[in-house]
Amino acid sequence: MKSTKKPTQRLHVDWTRCDGRGLCVELLPDVLRRDPWGYPLARDGSREPAVPVQALRNARAAVGRCPRLALSLLATTPETRGRHSAP
Amino acid sequence: MTTNHVAPPHMPRLLAAQGPALAAHRLRFGDCPKVNAPELISLLDAAGLSGRGGAGFPTGRKIAAVSGRDPVVVGNGAEGEPLSRKDAVLLTTAPHLVLDGLELAAGAVDADKVYLYVPTHLVPDVTRALDERRASGLDRFKVTVVEAPNTFVAGEESALIRRIEGGPALPRDRTVVTAISGVRGRPTLVNNVETLAHIALIARFGPHWFRSVGGGNNPGSMLVTLSDATAKQNVVEVPAGTPVADLIPRPEVVRAALLGGYHGTWVRASALDGTGVSGVGIVHTLRIDECGLARTAEIADYLAAQSARQCGPCTTGLPRLAELLGKLAYERAQNTDVREIRRLVGLVEGRGACRHPDGTARMIRSALETFSADIERHRHRSCEAAEVSAV
Amino acid sequence: MTDEALWAVGRGTGITALAFLTISVALGIATRSGRPLQALPRFAVADVHRFAALAATLLVALHITLLFLDPYAQLRLVDFVVPFLGAYRPLWQGLGTLAVDLLVVIIISSLLRQRLGLRAFRVVHWLTYALWPVALAHALGNGTDAYRGWFLAFAGCCALTVAAALVWRLRPNFAEYADARLSGRA
């Protein structure tokens, strides 16, 4: 039986909207913590932290509850995200 | 590809232009050949041309990545970096090379709209060049000139897109690459004007000619802006990968150089022999009687003020960084201050809609390393620069 | 007897709706601070804020339905949409209609905020600062119990709650991280 590799869900923060209200950090304590100014900080140090499967439900709750609509979940495989470092 | 009857220039190349007029351009470089998309991409791949705007992405691949309906092509001449003047020089002395490249790129992606994004003071020069082309029937595409404001982030890709759409020249959050969704959601190709000029020459003289100067994985020529503490800035064209030390007129009076502009890296004079100029061609030298920490604090102040102030970590972190660097340079800093600077640098990196905080962090980290001995001196109320009598 | 019951429950749902609206406004302000409230973590503050608003909406729907069915109130369908056309106390009842209009717009825009986008959602949501006083004025002016002691005490509590929340809102240390962001210390 072929196992289909599901793309990882990553949490994307629109920094132009984020006001560091902290709801997401409460709902995803294993993925995020807060910086000294209240903004969410990815525990794995990446720009878009991967959300483990067991935290997906909470991640969707965080996306829906963020008062600034700053969060989104993006499904990515290493191939689909052609991110080049822009100046 | 039509062969030109004009001899390919050896060095200089972009700066071999005899003047901005169309007639002078045609005399020196010949007519722009017609190259179709697959041909152009294979020429650029063979040449190994990479972007001259800072990111250094392979140009052939970038053009090939544009896919979808009604693509948009933009030539980026905004040059918000105060230490860089090469795009301005190019647009005033060889605008037709840039416009040839823009046309070739537009043709390769079958562009629906073409824009040239330049600061206000260069609008007359590019408009004149565009008028000349229109009068000679050389314009295949209508090029719309869009004014870029005189800010540091105006040339950032998402800020450029926003400005072209009619909004402010401020970065925007992105979840999809520009090649797929850019100006008004259309596939968009953004190239620095110097890159476009190189495309124009590669189309004429071929990849072997392009690679006849420069290094193996950094071929061709590049424009470099040389500056120091005075207001004077000099733009030269050199083979890519040239040791930075070769570009400095009096290396014995140089303490360090900032390579790559305000988002670049401080490198000690002793290391400049082994550092080849690449990436963004900007070399800013610090004399031995000038204080590196003071210069860094000055730059950090500027970068903090130039933040778009849209994202929390950047808005909060950069001014605090500037404050602490000022303390490092002009007062007695504590160990805790240096530690806080390192923490701040880690906190602002990667946490914004654009790379302004990342570039600032890079520059500051390199300053902490390059001027580490001076940090100690300053804490004991002395300074490396003050210990040297002016030459 | 049924008429009196209708009238009583009709008024009762209105009064309870006002209570939930008051809670929603206060918690909406609390959400803006980014602070948790006693036992309520931040995401729960947002949740209860939403719940109270939806409860208020349901109660308002009951309120106007029951009053529509009550012959004493003399309400026509148009009175639920266009204010100030009513036969009974047109001004105060009109405020009620206005409140319903505002509530509908606010609730729909809130439920669809992901699709509306942040800017449009925020602009409409500011109308809550108009909705609450209009609802209170309607209750005081239109309500048959307006002169009863218990009702005045209740209205007073609502007013005090919102006033306290507003005073809190205007304080410099209202937002949890206001000071931290000012200094930028890390």
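Our structure's up above, just so we're on the same page.
Notes on the structure follow. Please read all numbers here as calculations on a predicted model, not as lab measurements.

## Focus on the interface of chain A and chain C
Listed per partner, the contact involves 14 residues of chain A and 15 residues of chain C. Of the residues forming the side of chain A that touches chain C, the biggest block, three residues, is contributed by helix H1 (residues 23-27) of chain A. Of the residues in the side of chain A that touches chain C, the class split is six nonpolar, three polar and five charged.

## Here's the deal with the interface of chain B and chain A
Every contact between the two is made by 22 residues of chain B and, on the other side, 18 residues of chain A. It is helix H10 (residues 312-330) of chain B that contributes the most residues to the side of chain B that touches chain A, three residues altogether. Per-class residue counts for the side of chain B that touches chain A are eight nonpolar, eight polar and six charged.

## So, unusual backbone geometry
Here methionine 11 of chain B and proline 12 of chain B are connected by a cis peptide whose omega angle stands at -5°. Counting through the fold element by element, proline 12 of chain B comes out in the segment before helix H1 (22-29).

## Brief notes about the sheet that holds strand E5 (residues 221-227) of chain B
All names here are of chain B. Spatial ordering of the open sheet is given by E6-E5-E9-E7-E8, a layout of five strands whose pairing is mixed. Both outer strands of the open sheet, strand E6 (233-239) and strand E8 (265-268), are each paired with one neighbouring strand and no more. Averaged over all pairs of adjacent strands, the angle between strand axes in this sheet comes to 30°, irrespective of strand direction. Of the strand pairs in this sheet, E5 and strand E9 (residues 282-287) are connected by three bridges, and their pairing is parallel. Bridging across to E9, serine 227 finds its partner in histidine 284.

## Considerations on the packing of helix H3 (residues 90-111) of chain C against helix H5 (residues 118-125) of chain C
Residue and element names in this part refer to chain C. Packing of H3 against H5 leaves a shortest axis separation of 9 Å and a crossing angle of 155°. Between H3 and H5, the angle is such that the two are roughly antiparallel. Viewed along their axes, H3 and H5 form a crossing whose handedness is left-handed. Note on element contacts: H5 touches H3 through Phe121, Val124 and His125, opposite Val105, Ile106, Ser109 and Ser110. Of the residues belonging to the contact of H3 with H5, the class tally is four nonpolar, three polar and no charged.

About the thresholds
Residues numbered from 1 in each chain as written. Chains lettered and ligands numbered in written order. Predicted model: local features only at pLDDT ≥ 70, side-chain atom pairs only at ≥ 80, totals over all residues. Contact = placed C-beta atoms within 7 Å. Helix = DSSP H or I, 4+ residues; strand = E, 2+ residues; numbered from the N terminus. Nonpolar A, V, L, I, M, F, W, Y, C, P; charged D, E, K, R; others polar. Pairing = 2+ DSSP bridges. Axes fitted to C-alpha atoms, helices over the stretch in contact; angles between N-to-C directions. Parallel < 35°, antiparallel > 145°, perpendicular 65-115°, else oblique. Left-handed = near helix turned anticlockwise from the far one by under 90°.

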